[in-house]
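Architecture and fold: a report
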Amino acid sequence: MNIVDILIKAAFKGAAAYTRLKAAEAEKQQQASAAKPAEAPKPKAEETVAETPKAEPVKAKSAEVIPLQKKEQPIPEPVKRPQLKMTMQEAQRAGFQFRYSRRSGNAVITSIHIKSDTLVIPAYIDGHAVTVIDKGCRCIIEPHVQDVRLYFPDTVDLIGDNAFCVMLAEGYYRPTSWQPVFSEVFFPEFINIGSKAFFKQNNIRQLHFGRGTYIMEGAFALCTGLKEVDLEGCRLSDYAFNGCRNLKKVTGEFSGDAYASGTFADTPYAREKEFVIVGKSLQKYNGHDMIVTVPDGIEYIGALAFSRNKEMRKVLLPASVKAVGEYAFSGCEKLSKINLSNVQRIDRLAFAGCRDLTCVKLADEVSIKSSSFSDTAFEKSCIEGNKTIINGTLTSLKHDHDIETVVIPQNVRVIADNIMYITGHTVIFPESVKRIDNISQFSYADKLIFRNPDVRVLSTERAIKTYINYTMKAVCFEINGRMSEFPMYFPKYYGDDSVRSKIYEFYNSFFEGMNIEFYDSGVLKLGLNLRQQLETAYKRLKGGFKLTDANRQMYEQFVRVHRKKGLEFAVESGDDDQIKFFEALLNC
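What comes next concerns the included structure. Note that the structure is a prediction, hence the values are computed from the model and not measured. (Residues numbered from 1 in each chain as written. Predicted model: local features only at pLDDT ≥ 70, side-chain atom pairs only at ≥ 80, totals over all residues. Heavy atoms only, no water.)

1. Brief notes about the overall build of the chain
- Helices and strands together make up the secondary structure of the chain, namely eleven helices and 36 strands.
- Expressed as a percentage of the 588 residues in the chain, the buried residues total 47%.
- A separation of at least 24 residues holds for 38% of the contacts in the chain among residues at least 6 apart in sequence.
- Accessible surface computed for the chain: about 31,400 Å², of which carbon and sulfur atoms make up 49%. (Helix = DSSP H or I, 4+ residues; strand = E, 2+ residues; numbered from the N terminus. Buried < 20%, exposed > 50% of the residue type's maximum accessible area, 1.4 Å probe, protein only. Contact = heavy atoms within 4.5 Å. Areas by Shrake-Rupley, 256 points an atom, 1.4 Å probe, with all protein chains shown as cover.)

So, in structure tokens, the structure goes:
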């Protein structure tokens, strides 16, 4: 019975009782005055009508039926979405399937409740377009659910890292509650599938990709239920389908990252080919020839591509090859010669263990890691006393820890990464050094002195983080006998990640190409204390290396304003030159 039926029924019943009462009153009033027409009482605003049992209304014999005013149907309260602080269990009890947060006006799904064998990700939630499945997405899976078909809408452009991955062990990946329940997944076009997004979802048997899909590192690794896949128009990264042990058929034209490795490692598809090529990357050679000719057009020899090949004695590389990946030829004990004259980069341990490798032709500007040729006859031939120099690149240096100053040899052009870790020393780089591949290996040193004004230093945020705990006092340039010092101060900001990130970014920008103008314009805004700021300004004015007129005026103005405090600090440090400098400012 709907609300309209209830209202009509109540109206008839109320009207009958009302007319009987008015008829009795009318008989008493006829003797005194003429009868007046009865007025219908107005129902109260807050009056509610309850549902009554079905019964025929009683009609009055001599009275007009006066209908009640029709009451509007009440509007139900809107359903409340789960708040961001609501747990997934609370959301489940409330009957919701998706929990989300809003970012830049769009919806990011953070939790999912799987209730049936079909899961359709909505395109919109509360008017917000669903664009991202959050990394490490949480879920609840009903016990009876299995073989789920998963559909993504066109609005989704990113599936985050580990979004649907299955944990191997507690703490191995970001904890998730996913189980291998998906059997078939449908993706839209131009979607990015994050690293390990479906890792070990070994129940997946079919994948449907749209063109422009980017499959990142290990996205479908160990999906052992997958037997074939169409990758038409997709781009693949490292180890995208690594360990899919039943994957035998791959169709469609697809591409790979420039330096992708192991995309189909440990799959029947890869083992059945002599050359496994993804894009322009040679990822695996499965042949047994003594002399191997790499196909034309290959630009990258992937990690482990020829590893532990016991028959190969010689490799002929096309001129297109620009880089050799980690362990690419490691353990090829019979490999004796190789031409790398067009190769620009050789990663770590690329030829490790190639004991018979004696003849290697290298390009002049090749980037070599410290371990690229470890345990090879070629490396042993490059040892000069306490150092190993390969094609102008210093790959090893043994130094006396008792001496205070370490001087890099004059014939070195490049310092490879991880060649040494120096503690409490001053390191001098001669004019011949043009590039340093990893500055963090010198982060324990007290001072670095460069004699080449155009030296290029490569650094990363990870490298710079080292300085937070093991601070370097200064970076110096000694040009034409004049020393110019750049103090390196790292204030301690406990628990403030934003400030630390700002410091990392600042020194990275300085080191990358030694951007001195950037250093001068920003170092006083970095958050240093007043003593550190005055010390920096004084040393930059004193050295003056590549100091622009604008930055010189800025430093001069700063020390002039704080000259009294500067003199106090100079007296405390006992630096006579600094004392004279601030005394002269006070006397002006």
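Next, the rest of the story.
2. What about the environment of leucine 222?
- Take leucine 222: it is sitting in the loop between strand S11 (214-215) and strand S12 (228-230).
- Taking the relative accessible area as the measure of exposure, leucine 222 reaches 22% and is therefore partly exposed.
- Expressed as a C-alpha distance, the spacing of leucine 222 and phenylalanine 198, which sit 24 residues apart in the sequence, is 8.9 Å.
- Apart from the residues lying within four places of it in its own chain, the contact partners of leucine 222 are Phe199, Lys200, Asn202, Asn242, Gly243, Cys244 and Arg245.

3. Some points on the packing of aromatic side chains
- Tallied over the full model, the rule gives 34 aromatic pairs.
- Where phenylalanine 152 meets phenylalanine 187, the ring centres are 5.5 Å apart and the plane angle is 10°; that geometry is what we call stacked. Residue phenylalanine 152 is found in the loop between strand S6 (148-151) and strand S7 (158-159), and its partner phenylalanine 187 is found in the loop between strand S8 (182-186) and strand S9 (192-193); the two are separated by 35 residues along the sequence.
- Residue phenylalanine 152 is classed as buried on the basis of its relative accessible area of 8%. (Phe/Tyr/Trp six-rings, centres within 6.5 Å; stacked < 30°, edge-to-face > 60°.)

4. Here we look at the environment of arginine 560
- One can find arginine 560 in helix H9 (residues 549-561).
- Judged by relative accessible area, arginine 560 falls into the partly exposed class, the value being 39%.

5. Examining helix H11 (residues 576-587)
- The terminal C-alpha atoms of H11 lie 16 Å apart, and with twelve residues this matches the ideal 16 Å at 1.5 Å per residue to within 8%.
- Turning to H11, its buried residues are Gln578, Ile579, Phe582 and Leu585. Angular distribution of buried residues about the axis of H11 spans 125°; they occupy a single face of the element. Seen from the open side of H11, the exposed residues pointing more than 90 degrees away from its buried face are Asp576, Lys580 and Asn587.
- Next to the buried residues of H11 lie helix H8 (530-543), H9 and helix H10 (563-573).
- For H11, the side-chain oxygen to backbone nitrogen distance between the N-cap and aspartate 577 is 3.1 Å, and the N-cap itself is aspartate 575. (Expected span 1.5 Å × (residues − 1). Arc of directions from axis to C-beta. Polar contact = N/O pair within 3.5 Å; in protein donor to acceptor, adjacent residues only side chain to side chain.)

6. Focus on the state of the cysteines
- Under the criterion given, the structure shown has zero disulfides.
- Sulfur of cysteine 223: no disulfide; nearest cysteine sulfur belongs to cysteine 244 and is 5.2 Å away.
- We classify cysteine 223 as buried; its relative accessible area is 0%.
- Cysteine 244 gets classed as buried once you look at its relative accessible area, which sits at 0%. (Disulfide = S-S within 2.5 Å.)

7. Some words on the pattern of salt bridges
- Taken as a whole, this structure holds 21 salt bridges when the rule is applied.
- The partner of arginine 235 in a salt bridge is aspartate 257, with the nearest N and O atoms 2.5 Å apart. Of this pair, arginine 235 sits in strand S13 (residues 235-236) while aspartate 257 is found in the loop between strand S15 (255-256) and helix H3 (268-271), placing the two residues 22 residues apart along the sequence.
- A relative accessible area of 36% means that arginine 235 is categorised as partly exposed.
- Overall, the relative accessible area of 15% leaves aspartate 257 in the buried class.
- Between lysine 542 and aspartate 577 there is a salt bridge whose closest N-O contact spans 3.9 Å. Placement of the pair is lysine 542 in helix H8 and aspartate 577 in helix H11, with a sequence separation of 35 residues.
- Of the residues examined, aspartate 577 reaches a relative accessible area of 44% and is grouped as partly exposed.
- What emerges from the salt-bridge pattern is a single network uniting Arg245, Asp266 and Arg271. (Salt bridge = Lys/Arg side-chain N within 4 Å of Asp/Glu carboxyl O.)

8. Points about the pairing of strand S5 (residues 128-141)
- Among the 14 residues that make up S5, twelve are buried, leaving the element largely enclosed by the rest of the structure.
- Bridge analysis of strand S4 (residues 124-125) against S5 gives two bridges, and the strand direction is antiparallel. Along S5, the bridge assignment pairs tyrosine 124 with alanine 129.
- Sheet topology places S5 next to S7; two bridges connect them, and they run parallel. Each bridged residue has a counterpart across the sheet, and for isoleucine 133 the counterpart in S7 is isoleucine 159. (Pairing = 2+ DSSP bridges.)

Remember, this is a structural readout, not a statement about activity or role.
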